[in-house]
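The chain contents come next:
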Amino acid sequence: MVSSVSRRWRARAAWVAAAVLSAGLLSTGSAQASVFPCNVSGHVINCTTVTGIDPDSYLQVRQGPGYGYPNQWGWPRLNNGDRVGLACWTTGDGAADNSGYRYWMRIDNGIAFGYVNDWYLSTGGPGSWQQIIRQC
């Protein structure tokens, strides 16, 4: 059983870590500036935003790292600027706009996990996030 003091300490430590990162007091490198801490269902995790989606289109979240996987339940259609939590990364199908870019992020909204191609996220690319986001 976790005491309320322990829970409060962990919550305060997570808040301080998020504040330090967002204030830029702990450098993660300029290339990683598009991955930021955010709160998803009471947990501070890495997040980013959706980008590069045509104005009349949307990004659909999949059940696996490829376009052959069905749409994932619990996720709305994503548009530019929507924030997503980053759980881990893997490889799969190439992006629709760049068939050679095969990195997929497992994303988390606090209700469900799903996959989107990293090409459509403002993560800065693998050189930026591979040291801070674990591989699935």
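Just above, that's the structure.
Predicted model, so just to flag it, every value in this text is computed and none were measured.

S.K.: How should the overall build of the protein chain be read in this particular structure?
M.R.: Within the protein chain, the secondary structure is distributed over 2 helices and 5 strands. Sorting the 136 residues of the protein chain into buried and exposed places 35% on the buried side. Pairs at least 24 apart in sequence give 56% of the contacts found in the protein chain among residues at least 6 apart. In the form shown here, the protein chain has an accessible surface area of approximately 8100 Å², with 52% of it arising from carbon and sulfur atoms.

S.K.: Can you walk me through the sheet that holds strand 3 (residues 83-91) in this structure?
M.R.: Spatially, the 5 strands line up as an open sheet ordered 1-2-3-4-5, and their pairing is antiparallel. If you trace the sheet from one side to the other, it starts and ends with strand 1 (36-40) and strand 5 (113-117), each paired once. Between one strand axis and the next, the sheet turns by 55° as a mean value, whatever way the strands run. Summarising the sheet, strand 2 (residues 43-49) and strand 3 pair through 3 bridges and their orientation is antiparallel. Bridge pairing links Cys-47 to Gly-85 in strand 3.

S.K.: Help me understand the state of the cysteines, please; the structure alone is not making it clear to me.
M.R.: Disulfides are covalent bonds that link the sulfur atoms of two cysteine residues. Here the structure, examined in full by the defined rule, presents 2 disulfides. Here Cys-88 connects covalently by a disulfide to Cys-136, the sulfurs 1.9 Å from one another. Sign of the S-S torsion, about 95° for the bond between Cys-88 and Cys-136, identifies this disulfide as right-handed. Of this pair, Cys-88 sits in strand 3 while Cys-136 sits in the segment after helix 2 (126-129), and the two are 48 residues apart along the sequence.

S.K.: Would you explain the layout of surface pockets in this entry?
M.R.: Vacant regions in the atomic arrangement are exposed by a probe of water-molecule size rolled over the atoms. Its volume calculated, the largest pocket comes out at about 250 Å³. Lining the largest pocket are 15 residues, with Ile-53, Ser-57, Tyr-58, Leu-59 and Tyr-120 positioned closest to its centre. In terms of residue class, the lining of the largest pocket is built from 8 nonpolar, 4 polar and 3 charged.

S.K.: Which parts of the structure should I look at to understand the packing of aromatic side chains?
M.R.: For any pair of aromatic rings, geometry is given as the distance between the ring centres together with the angle between the planes. Overall, the coordinates contain 6 aromatic pairs when judged by the stated rule. When the centroid spacing of 5.7 Å and the interplanar angle of 65° are considered together, the rings of Trp-89 and Tyr-103 count as edge-to-face. With Trp-89 in strand 3 and Tyr-103 in strand 4 (residues 103-108), this residue pair connects regions lying 14 residues apart in the sequence. A ring pair is formed by Tyr-103 and Trp-129, whose centres lie 5.5 Å apart and whose planes are at 85°; its orientation type is edge-to-face. One end of the pair, Tyr-103, is in strand 4; the other, Trp-129, is in helix 2, and 26 residues separate them in sequence. Joined through ring pairs, the aromatic side chains of Trp-89, Tyr-101, Tyr-103, Trp-119 and Trp-129 make up one cluster. Cation over ring: Arg-106 sits above Phe-113, and NZ or CZ is 3.9 Å from the ring centre.

S.K.: How should I be thinking about the nonpolar core in this particular structure?
M.R.: Among soluble globular proteins, nonpolar side chains are generally buried collectively. Formed by 20 residues in total, the largest nonpolar core has its most connected members in Leu-78, Val-84, Leu-86, Met-105 and Ile-107. Taken together, the elements giving at least two residues each to this core come down to strand 3 and strand 4. Of the residues forming this core, the biggest block, 3 residues, is contributed by strand 3.

Definitions and limits used
- Residues numbered from 1 in each chain as written.
- Predicted model: local features only at pLDDT ≥ 70, side-chain atom pairs only at ≥ 80, totals over all residues.
- Heavy atoms only, no water.
- Helix = DSSP H or I, 4+ residues; strand = E, 2+ residues; numbered from the N terminus.
- Buried < 20%, exposed > 50% of the residue type's maximum accessible area, 1.4 Å probe, protein only.
- Contact = heavy atoms within 4.5 Å.
- Areas by Shrake-Rupley, 256 points an atom, 1.4 Å probe, with all protein chains shown as cover.
- Pairing = 2+ DSSP bridges.
- Axes fitted to C-alpha atoms, helices over the stretch in contact; angles between N-to-C directions.
- Disulfide = S-S within 2.5 Å.
- 1 Å grid on protein atoms, 1.4 Å probe; cavity = no way out; pocket = protein on both sides within 12 Å on 5 of 7 lines; lining within 4 Å.
- Points joined across faces, edges and corners; volume = space filled by probe spheres on them.
- Nonpolar A, V, L, I, M, F, W, Y, C, P; charged D, E, K, R; others polar.
- Phe/Tyr/Trp six-rings, centres within 6.5 Å; stacked < 30°, edge-to-face > 60°.
- Lys NZ or Arg CZ within 6 Å of the ring centre and 35° of its normal.
- Core = buried A, V, L, I, M, F, W, Y, C linked by side-chain atoms within 4.5 Å.

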